[in-house]
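Here's the letter readout for the chains.
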Amino acid sequence: RAFTLIEIVITVFILMLVLLLAVPSLNGVLADKRLRRSLEGFNNLVRQAQERSVAERRAYLIVWRDKEVVLRPEAFADVASSPDKKSSGGMDFLAVRHVRAGRRRI
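Since we're looking at a predicted model, the values are computed, not measured.

### What to know about the overall build of the chain
Moving on, step 1. In terms of helices and strands, the chain carries 1 helix and 4 strands.
Moving on, step 2. Along the chain direction, N to C, the helices and strands of the chain fall in the order α-β-β-β-β.
Moving on, step 3. Buried residues in the chain amount to 17% of all 106 residues.
Moving on, step 4. Expressed as a percentage of contacts within the chain between residues at least 6 apart in sequence, the contacts between residues at least 24 apart total 40%.
Moving on, step 5. For the chain, the accessible surface area stands at approximately 9100 Å², while carbon and sulfur atoms represent 59% of it.

### Digging into unusual backbone geometry
Moving on, step 1. One non-glycine residue with positive phi stands out, namely arginine 57, at about 55°.
Moving on, step 2. Its place among the elements puts arginine 57 in the loop between α1 (5-56) and β1 (60-64).

### What to know about the nonpolar core
Moving on, step 1. Formed by Leu45, Ala49, Tyr60, Ile62 and Leu71, the largest nonpolar core amounts to 5 residues.
Moving on, step 2. Only α1 and β1 provide two or more residues apiece to this core.
Moving on, step 3. Sequence-distant contacts of leucine 71, that is, excluding residues within four places in its chain, are made with Leu45, Gln48, Ala49, Arg52, Tyr60, Leu61 and Ile62.

### Focus: a nonpolar patch on the surface
Moving on, step 1. On the surface, a nonpolar cluster with roughly 740 Å² of combined accessible area is contributed by Ile6, Ile10, Phe13, Ile14, Leu17, Val18 and Leu21.
Moving on, step 2. By secondary structure assignment, the location of isoleucine 14 is in helix α1.

### Thoughts on the pattern of salt bridges
Moving on, step 1. Tallied over the entire structure, the rule returns 2 salt bridges.
Moving on, step 2. In this structure, the salt-bridge partner of aspartate 32 is arginine 36, at a minimum N-O distance of 3.1 Å. Of this pair, aspartate 32 and arginine 36 both sit in helix α1, 4 residues apart, roughly one helical turn.
Moving on, step 3. Its relative accessible area of 35% is what places aspartate 32 among the partly exposed residues.
Moving on, step 4. Of the charged contacts, one joins arginine 58 and glutamate 56 as a salt bridge, the two residues approaching to 3.3 Å between their closest N and O atoms.
Moving on, step 5. Given the relative accessible area of 40%, glutamate 56 is considered partly exposed.

Rules of the game
- Residues numbered from 1 in each chain as written.
- Predicted model: local features only at pLDDT ≥ 70, side-chain atom pairs only at ≥ 80, totals over all residues.
- Heavy atoms only, no water.
- Helix = DSSP H or I, 4+ residues; strand = E, 2+ residues; numbered from the N terminus.
- Buried < 20%, exposed > 50% of the residue type's maximum accessible area, 1.4 Å probe, protein only.
- Contact = heavy atoms within 4.5 Å.
- Areas by Shrake-Rupley, 256 points an atom, 1.4 Å probe, with all protein chains shown as cover.
- Core = buried A, V, L, I, M, F, W, Y, C linked by side-chain atoms within 4.5 Å.
- Patch = residues over 30% accessible without salt bridge, like charges linked within 9 Å, V, L, I, M, F, W, Y side chains within 5 Å.
- Salt bridge = Lys/Arg side-chain N within 4 Å of Asp/Glu carboxyl O.

Right, here's the structure in full:
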């Protein structure tokens, strides 16, 4: 016994309805992956700045513009004395400084 045209159309309609319900949740999963990848990249950049700061014993800046993020020693930045975060001329800066750990005597 074969399927009728109406049965095939109803089955295709139900499958399309299930797919339409699944697409928004799939978009959420993809957006979550993009966000996690972006945060991972930023964390790696901060970790790299921290490692360079400790190794070279000087502050590093993470400088980002619209389409570019770079890591620079603080002396080469366009900012004379940088607090932890500042904005200047369309660029944002995040300073990563090396702090020497010392023992306190009581």
